[in-house]
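Summary of structural features
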Amino acid sequence: MAPRRPVDPADLRSAVLRVHRWVADETDDVPARADLAAAVRLSARTLEQVAPGSSVEVRVPPFVAVQCIEGPRHTRGTPPNVVETDPRSWLRLVLGIDGYADAVRAGRVDASGARAGDVAHWLPLLRV
């Protein structure tokens with residue numbers, strides 16, 4: 001598989017700004033699906049770029065799953081280290097609105113495996 005084109009930080013910022021008010025609980029108006037998908041995908045792929053590797057899988061259904069963080073490579077079946085969350089909770093982590101440990105304790109993030117918590121080192125990815 002060919003490597004992905006690197007995420008342009010300006011594209012990430014633009015995508016996140018389009019959904020920021022909803023993510024930050026400043027409005028109840030749910031953003032357009034395409035805008036939400038772009039913000040989630042670009043932010044997850046940014047994590048994939050800044051923390052390359054294959055030891056942790058980050059899942060934000062229904063939009064994206066990426067592997068990141070150096071360590072033992074996972075190739076088949078259920079990965080041993082998984083972080084899974086919904087789009088809004090993911091973007092709150094990306095922006096630093098919520099902390100990783102707090103989100104896990106509150107049940108907004110499902111983290112399994114000894115290396116799943118390593119994702120916290122790379123968050124937030126963007127400040128608005």
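Residues numbered from 1 in each chain as written. Predicted model: local features only at pLDDT ≥ 70, side-chain atom pairs only at ≥ 80, totals over all residues. Heavy atoms only, no water.

Membership of the largest hydrophobic core comes to 36 residues, with the highest contact counts inside it found for Val58, Trp90 and Val119. When contributions to this core are tallied by element, the ones reaching two or more residues are helix H1 (9-23), helix H2 (33-50), strand S1 (56-60), strand S2 (64-68), helix H3 (87-94) and helix H4 (100-105). Not counting residues up to four positions away in its chain, the partners in contact with Val119 are Leu47, Val56, Val58, Ile69, Val83 and Tyr100. (Core = buried A, V, L, I, M, F, W, Y, C linked by side-chain atoms within 4.5 Å. Buried < 20%, exposed > 50% of the residue type's maximum accessible area, 1.4 Å probe, protein only. Helix = DSSP H or I, 4+ residues; strand = E, 2+ residues; numbered from the N terminus. Contact = heavy atoms within 4.5 Å.)

The next subject is the packing of aromatic side chains. Applying the stated rule across the entire model yields zero aromatic pairs. The ring of Trp22 has Arg88 sitting right over it, with the charged end atom 4.1 Å from the ring centre. (Phe/Tyr/Trp six-rings, centres within 6.5 Å; stacked < 30°, edge-to-face > 60°. Lys NZ or Arg CZ within 6 Å of the ring centre and 35° of its normal.)

On to the sheet that holds S1. Reading across the sheet, the four strands line up as S2-S1-S3-S4 and stay open at both edges, with mixed pairing between neighbours. Looking at the sheet topology across the chains shown, the edges are occupied by S2 and strand S4 (109-112). Put simply, the sheet's adjacent strands are angled 15° from each other on average, direction ignored. The pairing of strand S3 (residues 82-85) with S4 spans four bridges and is classified as antiparallel. Each bridged residue has a counterpart across the sheet, and for Thr85 the counterpart in S4 is Val109. Against the sheet, H2 contacts S1 and S2, and its axis sits at roughly 10° relative to S2. (Pairing = 2+ DSSP bridges. Axes fitted to C-alpha atoms, helices over the stretch in contact; angles between N-to-C directions.)

Scanning the model with the defined rule gives 10 salt bridges in all. Residue Asp35 is joined to Arg18 by a salt bridge in which the shortest nitrogen-to-oxygen separation is 3.3 Å. Of this pair, Asp35 sits in helix H2 while Arg18 sits in helix H1, and the two are 17 residues apart along the sequence. A salt bridge links Asp102 to Arg105; its shortest N-O distance comes to 2.4 Å. Of this pair, Asp102 and Arg105 are both found in helix H4, three residues apart, which corresponds to roughly one turn of the helix. The partly exposed category is assigned to Asp102, whose relative accessible area is 44%. On the basis of relative accessible area, Arg105 is assigned to the exposed category, the value being 64%. What emerges from the salt-bridge pattern is a single network uniting Asp25, Arg88, Arg92, Asp98 and Arg108. (Salt bridge = Lys/Arg side-chain N within 4 Å of Asp/Glu carboxyl O.)

Before going further, it helps to spend a moment on H2. Between the first and last C-alpha of H2 there are 26 Å, a value that for 18 residues agrees with the 26 Å anticipated at 1.5 Å per step. Within H2, burial applies to Leu36, Ala37, Ala39, Val40, Ser43, Ala44, Thr46 and Leu47. (Expected span 1.5 Å × (residues − 1).)

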